[in-house]
Amino acid sequence: SKTAEVELEQIRKRLESAEIAAGLGTWHQDVDSGKLIWSAGMYRIHGLEAGVPVELESYFSWIVAEDQPLAEAATRAIGEHGEVFWEYRVEPPDGIRRTLRSYALADRDE
C-alpha cells in the first residue's frame, strides 16, 4: 500500500540519519551472487560515490596485505559461528588508508 511505502521510506531516511550521526555504515551480501549492497554510510566511510557497485573480490583487494589473513579468518568465522567482530585496515580507490571495526551477522534463510 502507499502508506506502507511512505512509512518504509521514512524508516530508511531515519536509519541513514542515524548512520551519519554515528559514523557508521551497514551492508549485506547475497551469498549466492556475491553482490554487496551498501548503505550511504558505507560509501561515505570508504570515500566512494554512493551507488557505485562494489564486488566482494574488489573489496577484499582494498584490505591491506597484513590484514588479509584476518579478513579470511573473519569470513570463515561468519560461516561457522554466524557472527564475528574484527578490526582491519583498508585502502580503497581514493588511496586513504582507514582502520575499520566491523561486526557481521549471518542472516540465513531457513
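The following refers to the structure shown. (Residues numbered from 1 in each chain as written. Predicted model: local features only at pLDDT ≥ 70, side-chain atom pairs only at ≥ 80, totals over all residues. Heavy atoms only, no water.)

1. Topic: the packing of aromatic side chains
Note the threshold: Note on aromatic contacts: the rings of Phe and Tyr and the six-membered ring of Trp form a pair at centre separations within 6.5 Å, being stacked when their planes are under 30 degrees apart, edge-to-face when over 60 apart, and tilted otherwise.
Following the criterion strictly, the structure yields five aromatic pairs and no others. An aromatic cluster of three or more residues is present, and its members are Trp38, Tyr43, Tyr59 and Trp62.

2. Digging into helix α4 (residues 68-81)
Worth spelling out the cut-off: In this description a helix means any DSSP run of H or I spanning at least four residues, a strand means any run of E spanning at least two, and both kinds are numbered starting from the N terminus. Given a helix with a known number of residues, its expected span is that number minus one, times 1.5 Å. Buried residues are those whose accessible area, probed at 1.4 Å on protein chains only, stays under 20% of the maximum for their type, while exposed residues exceed 50% and partly exposed ones sit between those limits. When we speak of the arc, we mean the arc of directions from the helix axis to the C-beta atoms. Note on definitions: a residue-residue contact is assigned when non-hydrogen atoms from the two residues lie within 4.5 Å.
In a regular helix each residue adds 1.5 Å, so 14 residues correspond to 20 Å; α4 covers 20 Å between its end C-alpha atoms and thus fits that length. Buried residues of α4: Ala71, Ala74, Ala77 and Ile78, and no others. Along the axis of α4, the buried residues cluster in a sector spanning 120 degrees; they form a single face. Buried residues along α4 sit in contact with α3 (56-62), β3 (83-90) and β4 (98-105). Count one or two residues on from α4 and you reach Gly82, which has phi positive near 90 degrees.

3. Comments concerning the pattern of salt bridges
Keep this limit in mind: The term salt bridge refers to a side-chain nitrogen of Lys or Arg lying within 4 Å of a carboxyl oxygen of Asp or Glu.
Here the structure, examined in full by the defined rule, presents seven salt bridges. One salt bridge in this structure joins Arg12 and Glu16, with 2.9 Å as the shortest N-O distance. Note that Arg12 and Glu16 are positioned in helix α1 (residues 2-22) at a spacing of four residues, about one turn of the helix. The residue Glu66 makes a salt bridge to Arg89 at a minimum N-O spacing of 3.8 Å.

4. Observations concerning the pairing of β4
Put simply, the rule reads: Note on pairing: two strands pair once DSSP finds at least 2 bridges between them.
Alternating residues of β4 divide into Arg98, Leu100, Ser102 and Ala104, all buried, and Thr99, Arg101, Tyr103 and Leu105, none buried. Judged from the eight bridges that link them, β3 and β4 form a sheet pairing that is antiparallel. Paired with Phe85 across the two strands is Tyr103, which belongs to β4.

5. Examining the layout of surface pockets
Using the following cut-off: Buriedness of a pocket was judged along seven lines, with at least five required to meet protein on both sides within 12 Å; pockets are open sets of points on a 1 Å grid over the protein atoms alone, cavities are sets where a 1.4 Å probe fits but cannot get out, and lining residues have an atom within 4 Å of a point. Grid points are joined across faces, edges and corners, and a volume is the space filled by probe spheres set on the points. Only Asp, Glu, Lys and Arg are considered charged in this grouping, and only Ala, Val, Leu, Ile, Met, Phe, Trp, Tyr, Cys and Pro are considered nonpolar; every other residue, Gly among them, is considered polar.
The volume enclosed by the largest pocket comes to roughly 1,300 Å³. As for the largest pocket, its lining consists of 40 residues, of which Trp27, His28, Gln29, Ala104 and Leu105 are closest to the centre. Elements represented by at least two residues in the lining of the largest pocket include exactly α1, β1 (27-29), β2 (36-38), α2 (40-45), α3, α4, β3 and β4. Considering each element in turn, the lining of the largest pocket owes the most residues, seven residues, to β4. Counted by class, the lining of the largest pocket contains 23 nonpolar, 10 polar and seven charged residues. There is about 190 Å³ of room inside the second largest pocket. If you go around the second largest pocket, the residues you meet are Arg12, Leu15, Glu16, Glu19, Thr26, Trp27, His28, Ile37, Trp38, Ser39 and Ala40. Contributions of two or more residues to the lining of the second largest pocket are made by α1, β1 and β2.

Distances and angles like these do not, on their own, reveal function.
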